[in-house]
Amino acid sequence: MAEATPATINFGKHVKYFVANLTMLPTAYTETETNRMTLAFFCLASLELLGALETAVSERNRSDWIEWIYAQQIKPAPDGSDLNRAKCGFRGASWSGRPFDSHATTSDYIPYDSGHITNTYTALISLLILGDDLSRVDRDAIVESIRCMQQPDGSLGPTEESLERDARFFFSACAVSYILNDWRGLDLDQCIHYARQLQTYEGTFGQQPHMEAHGGSTFCGVAALTLMGKQEQGIINKDKLIRWCLSRQTTGFAGRPNKDADACYCFWIGAALTMLDAFQLTNQDNLREFLAQCQTDFGGFGKAPGARPDLMHSYMGVAALSLMGEPGIGRLDVAVNAPATAMARLKEQCVFWS
């Protein structure tokens with residue numbers, strides 16, 4: 001019997017999909033406006049991985065994106081006070097009460113304006129993807145904000161006032177610290193304690209202590225420990241963790257037991273296994289076939305075959321294919337979840353790494 005022909009990955013359609021969303025978001029994204037920074041990251045990172053950023057997005061437009069990102073940076077209060085010392089970083093979108101001026105100092109300081117740790121993370125990576133050297137990033141202010149956000153149990157929220165404290169923001173703070181090459185804002189002993197508290201009886205990570213194991217939280221926990229260089233100290237039972245991750249694969253990966261396969265978990269769990277040196281144990285033919293079936297006729301990936309595309313699942317589909325070494329897709333710096341080209345630019349050009 002002849003072998004089945006591998007499914008085609010529709011590179012051209014995916015490029016058009018991400019360019020279209022980078023230009024004008026559909027109405028359905030209105031409710032996610034506060035996270036426009038992260039939506040832009042999904043587009044920019046995908047185009048970089050697909051090798052199309054410089055050809056599909058003009059130099060002027062790339063420059064405009066850099067200026068827009070810097071316009072979202074929250075800096076210290078102009079009088080040198082501590083009024084917003086925990087609010088610095090990058091907000092997720094433009095705010096109607098603040099002028100668009102990426103070169104502004106702090107003359108337009110507004111007390112209740114605040115950065116967000118995950119949007120700070122995606123802002124920094126997006127700047128690197130676009131070729132910026134981060135020279136206008138206020139590293140000290142961001143580090144101080146992270147210090148203020150960390151709680152006594154080691155957890156972090158997205159902002160100082162938020163009651164949300166879970167694995168997503170823990171990872172984001174570690175990723176920002178890694179990108180800035182500055183860990184002064186985090187108590188690493190408390191971080192390790194928190195990472196151990198997140199682990200369940202199954203050996204993997206929940207969103208918060210005492211919550212069920214979850215594929216996205218597992219990536220966040222493993223990646224945070226990897227970036228800190230603390231895998232051995234932080235992971236309680238590596239074998240059980242690997243076994244749980246491998247057990248989530250049917251065709252693609254499901255995020256929890258008794259759930260259907262989902263394109264985003266093909267990356268979240270696949271990346272966790274990559275960091276644990278166990279991705280080679282997966283059935284990559286089945287994984288690729290599942291992702292190919294999640295493609296849509298007009299580009300992008302849905303969460304499952306037949307689903308409509310969205311930016312998060314579309315980026316994760318491209319990123320998961322990158323894990324498998326798909327020809328035509330660039331490599332990832334897996335623990336940071338960023339194109340390897342952007343991270344190489346960071347370490348070669350950014351003053352923080354000199």
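For the structure itself, consult the block above.
In what follows, the accompanying structure is described. All values derive from a computational prediction rather than experimental measurement. (Residues numbered from 1 in each chain as written. Predicted model: local features only at pLDDT ≥ 70, side-chain atom pairs only at ≥ 80, totals over all residues. Heavy atoms only, no water.)

Glancing now at the overall build of the chain. Assigned secondary structure in the chain consists of 15 helices and four strands. C-alpha atoms of the chain, sized along the principal axes, occupy 75 × 45 × 40 Å. Within the chain, the fraction of its 354 residues that count as buried is 57%. Pairs at least 24 apart in sequence give 68% of the contacts found in the chain among residues at least 6 apart. (Helix = DSSP H or I, 4+ residues; strand = E, 2+ residues; numbered from the N terminus. Buried < 20%, exposed > 50% of the residue type's maximum accessible area, 1.4 Å probe, protein only. Contact = heavy atoms within 4.5 Å.)

This part covers the pattern of salt bridges. Evaluated as defined, the whole model comprises twelve salt bridges. Two residues, E33 and R36, come together in a salt bridge whose shortest N-O distance is 2.8 Å. Under the relative-accessibility criterion, R36 is labelled partly exposed at 27%. Look at the salt bridges and you will find they share partners, linking R139, D140, D182 and R184 into a network. (Salt bridge = Lys/Arg side-chain N within 4 Å of Asp/Glu carboxyl O.)

A few words now on helix α13 (residues 284–294). Because an α-helix completes one turn every 3.6 residues, residues spaced three or four positions apart along the sequence face the same direction. Burial in α13 covers these residues: L287, R288, F290, L291, A292 and C294. The distance from a side-chain oxygen at the start of α13 to the backbone nitrogen of D285 is 3.3 Å, and the residue carrying that oxygen is N283. (Polar contact = N/O pair within 3.5 Å; in protein donor to acceptor, adjacent residues only side chain to side chain.)

What follows is about the environment of N84. Here N84 lies in the loop between β1 (73–74) and β2 (89–90). The exposure class assigned to N84 is buried, which follows from its relative accessible area of 1%. Between the alpha carbons of N84 and L47 there is a distance of 35 Å; along the sequence they are 37 residues apart.

This brings us to helix α14 (residues 311–323). In this model α14 runs 18 Å from its N-terminal to its C-terminal C-alpha over 13 residues, within 8% of the 18 Å that 1.5 Å per residue would give. Those residues of α14 that fall on the buried side of the exposure criterion are L311, H313, S314, Y315, M316, G317, V318, A319, A320, L321, S322 and L323. Elements that come into contact with the buried residues of α14 comprise α1 (11–23), α2 (36–49), α12 (263–275), α13 and β3 (332–333). Where α14 begins, one side-chain oxygen reaches toward the backbone nitrogen of M312, 3.1 Å away; that side chain belongs to D310. (Expected span 1.5 Å × (residues − 1).)

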